[in-house]
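Remarks on the overall topology
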Amino acid sequence: MSVRALVVDPSAPAAVRLGEVPDPVPAPGQVVVEVSHASLNHGDLNDARSGRVPVGAVLGSDAAGVVVRAAADGTGPALGTRVVALASGAFAERVAIDTGAIAEVPEGLDLAKAVALPVAGVAALRSLRAAGSGPGRTVLITGASGGVGRFAAQLAARAGAHVIASVGSTARGEGLAELGADEVLVGLEGLERPVDVVIDSVGGSQLVAAWHLLAPGGSVQSVGWTSGEPAVFPPYATVGPAKSLTSFVIEGGAGPDLAVLAGLAAEGALTVEIGWQGAWDRFTEAAEALRGRRVSGKAVLEVSRAERRAPALLPQG
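Let us look at the structure shown here. Everything quoted here is computed from the prediction, not taken from an experiment.

Another aspect to go through is the overall build of the chain. A count of helices and strands for the chain gives eight helices and 15 strands. Compactness check: the chain gives a C-alpha radius of gyration of 20 Å against a globular reference of 20 Å for 317 residues, within 12% of the reference. Dimensions along the principal axes, computed over C-alpha positions, put the chain at roughly 60 × 40 × 35 Å. Residue pairs in contact within the chain that sit at least 24 positions apart in sequence constitute 69% of those at least 6 positions apart. Accessible surface, the chain: about 13500 Å² in total, of which carbon and sulfur atoms supply 52%. Each charge class in the chain can be summarised by its mean position, and for the 24 positive and 31 negative side chains these summaries are 2 Å apart.

What follows is the structure, given as C-alpha cells:
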C-alpha cells in the first residue's frame, strides 16, 4: 500500500511535490495517525532547499489527525483518539509517530488549530523557559507577527513579563496588543532601554541590534532566521558584562509540552491565529505567502477529511 505525501523535489516549485510513499510501518512504540491537517513552518521551506531533508523524503513536522493504529507496546493514545504531534515526515496521509511526540487534542479544539501548535508553540514555550520570563522581566520578541512570535507574546505575558513585540510593519502588528504585548514596535527603532530576554526569529541585522539591547545577564534565544541575511557584529560587540546568545532546536519528545499548549488553547487561554488555510495541493501558494511574509500567525494545510468522518482503522498487531 502507499499513501500520498508532500516530498522534496528540487525541480518542483518550492522544491516540493505531491507524490506517493510506502504506507508507514510503525515500531512498537509508535502509533499510526491518519493526518487531517498539517502546519507549514519557515523551517520546512529551508529544509526542502537546503538538503537537510533528502530528495524524495517526506517533508514536515506538524501533524494532527486521528489514531488509526495504537502502539503495539501499549503506550500512547488509544485507537480513534484525536491527536496533535511533532514528528519528522509529517506531511503524509498516514504517519507513524513516537508516542512521546504526541498529545491528545481536547474536545472543543479543532484539529486545524491544534496543528498550529507543535513547532511554533513548543519553540515559544521552551525558549521562554530556557531564558526565564517571569514577573519583572522584559521580553523582546522579534518577528512577533509570525507563529512563534504570537505564541511567545501570549506565553510571556501569562508569565507576568513586560512584552515588547517587534514587527515588520504597522499592519503586521495588528492584534498583538490584544494577545498581551505591552508595546508593539516596527523594527527596533526608538527602543533604547535594556531588555532581559530576546526571542529572535529574524536573524540578520535585527539580531545584532537586539544583542546590543540585551541587559547584563540577559539571553538571546535564536529560534529562527527568516531574514536570510548574515548577522555582522562590530568589533568588541561581545566584550563586556556577561550575556548570552543561545542557539535553539527542539529536542526530545514534545508530547508533554504539546499537551500543555493544547490544554491552554482549548480553554481559550492561548489564541491560535491561522493566516492561511487551504488544501495541501496548494503547497506552493502557501509557501510563497509564508516566505513573502503575507501570513500572520500560521499556515495550515488540509490533508484529508479525517476530522469530519470516521477514520479507516487499521488492523492491529
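This is not the end of the story, as more comes after the structure.
As a further point, take unusual backbone geometry. At A15, a residue that is not glycine, the phi angle is positive and equals roughly 65°. Structurally, A15 can be placed in the loop between strand 1 (2–8) and strand 2 (16–22).

Let us now look at the packing of aromatic side chains. Applying the stated rule across the entire model yields one aromatic pair. It is K243 that lies over the ring of W211; its NZ or CZ is 4.7 Å from the centre.

One finds L117, V139, I141, L155 and L258 to be the most contacted residues of the largest nonpolar core, which totals 46 residues. If one sorts the elements of this core by residue count, helix 3 (residues 118–131) sits on top with seven residues. Apart from the residues within four sequence positions on either side, V139 is in contact with L128, S133, A156, A161, H162, V163, I164, V197 and I199. Counting residues in each nonpolar core, the second largest holds 43 residues, with A48, V58, V95 and V303 among its members.

Conventions we followed
Residues numbered from 1 in each chain as written. Predicted model: local features only at pLDDT ≥ 70, side-chain atom pairs only at ≥ 80, totals over all residues. Heavy atoms only, no water. Helix = DSSP H or I, 4+ residues; strand = E, 2+ residues; numbered from the N terminus. Rg over C-alpha atoms; globule rule 2.2 N^0.38 Å. Contact = heavy atoms within 4.5 Å. Areas by Shrake-Rupley, 256 points an atom, 1.4 Å probe, with all protein chains shown as cover. Lys, Arg positive; Asp, Glu negative; His and termini not counted. Charge placed at Lys NZ, Arg CZ, Asp CG, Glu CD. Phe/Tyr/Trp six-rings, centres within 6.5 Å; stacked < 30°, edge-to-face > 60°. Lys NZ or Arg CZ within 6 Å of the ring centre and 35° of its normal. Core = buried A, V, L, I, M, F, W, Y, C linked by side-chain atoms within 4.5 Å. Buried < 20%, exposed > 50% of the residue type's maximum accessible area, 1.4 Å probe, protein only.

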